[in-house]
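# Fold and geometry: a report
Each chain, letter by letter, is given below.
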Amino acid sequence: GDVEIHARSSDRLRRGHHGDKAYGSVILCVVGEADGEVPRTDEESVPQMVLPYSGEIEVRYRELCFSTRYPACHSIFSSLSGLAVHSWMSALQAERLEQKAALIHARLERCDNNWEDAFFITLARNYGFGLNGNAFERWAEQLPFRALDKHRDDLFQIEAFFYGLSGLLEETFLEQEQEDEYSLRLRKEFRYLQRKFEISRKMDASLWRFLRLRPDNYPHVRLAQLAYYYQNGDKLFSRLMEAETLPEVRNMLSARTSFYWENHYTFGHVSRKKEKTLGERSKDLIIINTVVPFLYAYGLHKANERMCGRAGRFLEELKAEDNRIIRSWSDIGLPVANAADSQALIQLQKEYCDKRKCLYCRFGYEYMRTVKN
């Protein structure tokens, strides 16, 4: 039969379980405090087992659940051994890679098991660098990859595909910017390609976000860089999976744009000439969030332990990410030496701290252990 757990015996009555047939199979009720009989649905009593606990444990647990300070368990870190911290961080890093690998395999199924397509969609999502991540993924999922492959030798036609499907060439959207000869040529080319390949869908341009974005991160610029990747990155996924060193990977991720975008951030507005390349820190974020998870997922797929190990090595060689989550842990004295550590802490915050799953966390467990008997 089933075992039911309550803080008090009366909780079964208060929640109406005694009258619910779904709870008729309960053979034991485990309680912290026996404050009455536990009736079964047939009016018989359910045996009880009392598990008493210190009131201090409940106080500690509530501190973890309702603390407004992050992390809630900050006070115990000075007493933790290096081994305890390292072992939990290693487990969190592995957990995050496994979670990302599962997402990749789900995306792979939607791409008819085409690894190159799934990789480009993931790359596009991470090119949104947070704010536009969902928009880039939605845009990339609409790309007709086999049609694009037929025009891979022509950057202008790839841009026509990319901007046309993004909705940024729509007249209603361009009214907010300024039409020019280049955008008109792109629109004309996209209409031709639409008819040629019978493309009917395209994205709503209102999904793109511009507020609080630096011009270098505007969707127009990122799409131009992705178009450059696509033209020059035939079998990019395969080549990245074979790369043995980070410098090789960074070199493959070097992106430029067509000449037009060197003095534009949006259509029609001329800006000071500047080559729009991906910065080294941005490349590293792409490696952390795209290349490394694919290395790990593909290594699992191929049963190639060396490839999975390379994914972990790359994380250990890369600098730690710098964001609010990482700074919060650094401030309480937790060492964050590399991207493996920062990825572990992001996993900790998202899957344990935010969900208040402190009892499943080794740091939370240590916090509870500090209760004085």
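Our structure's up above, just so we're on the same page.
Everything in this summary refers to the structure shown in the same document. (Residues numbered from 1 in each chain as written. Predicted model: local features only at pLDDT ≥ 70, side-chain atom pairs only at ≥ 80, totals over all residues. Heavy atoms only, no water.)

## A few points about the packing of aromatic side chains
- For the structure shown, the criterion picks out 30 aromatic pairs.
- On the basis of an interplanar angle of 80° and a centroid distance of 5.2 Å, the ring pair of Phe119 and Phe294 is categorised as edge-to-face. One end of the pair, Phe119, is in helix 4 (residues 115-127); the other, Phe294, is in helix 13 (residues 280-301), with 175 residues separating them in the sequence. Accessibility assignment for this pair places Phe119 and Phe294 in one class, buried.
- Measuring from centroid to centroid gives 4.8 Å for Phe136 and Trp208, while their planes differ by 75°, and the two rings are edge-to-face. One end of the pair, Phe136, is in helix 5 (residues 133-141); the other, Trp208, is in the loop between helix 9 (181-197) and helix 10 (219-232), and 72 residues separate them in sequence.
- Look at Phe136 and you get buried, because its relative accessible area is 0%.
- Among the aromatic residues, those joined into a ring-pair cluster are Phe120, Phe136, Trp139, Phe145, Phe162, Trp208 and Tyr230.
- Lying across the ring of Tyr352, Lys357 places its NZ or CZ 5.9 Å from the centre. (Phe/Tyr/Trp six-rings, centres within 6.5 Å; stacked < 30°, edge-to-face > 60°. Helix = DSSP H or I, 4+ residues; strand = E, 2+ residues; numbered from the N terminus. Buried < 20%, exposed > 50% of the residue type's maximum accessible area, 1.4 Å probe, protein only. Lys NZ or Arg CZ within 6 Å of the ring centre and 35° of its normal.)

## A word on the layout of surface pockets
- Computed from the structure, the largest pocket encloses a volume of approximately 940 Å³.
- Taken together, 26 residues make up the lining of the largest pocket; nearest its centre are Arg96, Lys100, Asn126, Asn289 and Lys350.
- Of all the secondary structure elements, the ones that give two or more residues to the lining of the largest pocket are helix 3 (82-110), helix 4, helix 13, helix 15 (324-331) and helix 16 (339-353).
- In terms of residues, the lining of the largest pocket owes the most to one element, helix 3, which gives 6 residues.
- Across the lining of the largest pocket, the residue classes break down as 8 nonpolar, 8 polar and 10 charged.
- The calculated volume of the second largest pocket comes to roughly 430 Å³. (1 Å grid on protein atoms, 1.4 Å probe; cavity = no way out; pocket = protein on both sides within 12 Å on 5 of 7 lines; lining within 4 Å. Points joined across faces, edges and corners; volume = space filled by probe spheres on them. Nonpolar A, V, L, I, M, F, W, Y, C, P; charged D, E, K, R; others polar.)

## What to know about the nonpolar core
- Trp139, Phe162 and Leu226 are the most contacted members of the largest nonpolar core, which totals 77 residues.
- The contact partners of Phe162, leaving out residues within four places of it in the chain, are Phe120, Trp139, Leu143, Leu148, Leu223, Leu226, Ala227 and Tyr230.
- Grouped together as the second largest cluster of nonpolar side chains are 26 residues, Leu80, Met89, Ile346 and Phe363 included. (Core = buried A, V, L, I, M, F, W, Y, C linked by side-chain atoms within 4.5 Å. Contact = heavy atoms within 4.5 Å.)

## Describing the packing of helix 15 against helix 16
- Closest axis-to-axis distance for the helix 15/helix 16 pair is 9 Å, and the angle between their directions is 100°. In terms of orientation, helix 15 and helix 16 fall into the roughly perpendicular class. Contacts between helix 15 and helix 16 involve Arg324, Ile325, Ile326 and Trp329 from the first element and Ser342, Leu345, Ile346, Leu348, Gln349 and Cys353 from the second.
- In the contact of helix 15 with helix 16, the residues fall into 7 nonpolar, 2 polar and 1 charged. (Axes fitted to C-alpha atoms, helices over the stretch in contact; angles between N-to-C directions. Parallel < 35°, antiparallel > 145°, perpendicular 65-115°, else oblique.)

## Focus on the sheet that holds strand 1 (residues 2-8)
- The strand order across the open sheet built from 3 strands is 1-2-3, with neighbouring strands paired in parallel fashion. Edge positions in the sheet fall to strand 1 and strand 3 (48-50), since each of these pairs with one other strand and no more. Adjacent strand axes in the sheet meet at a mean angle of 25°, parallel and antiparallel pairs treated alike.
- Here 3 bridges tie strand 2 (residues 26-33) to strand 3, and the two strands are oriented parallel to one another. Counterpart to Val31 in the pairing with strand 3 is Val50. (Pairing = 2+ DSSP bridges.)

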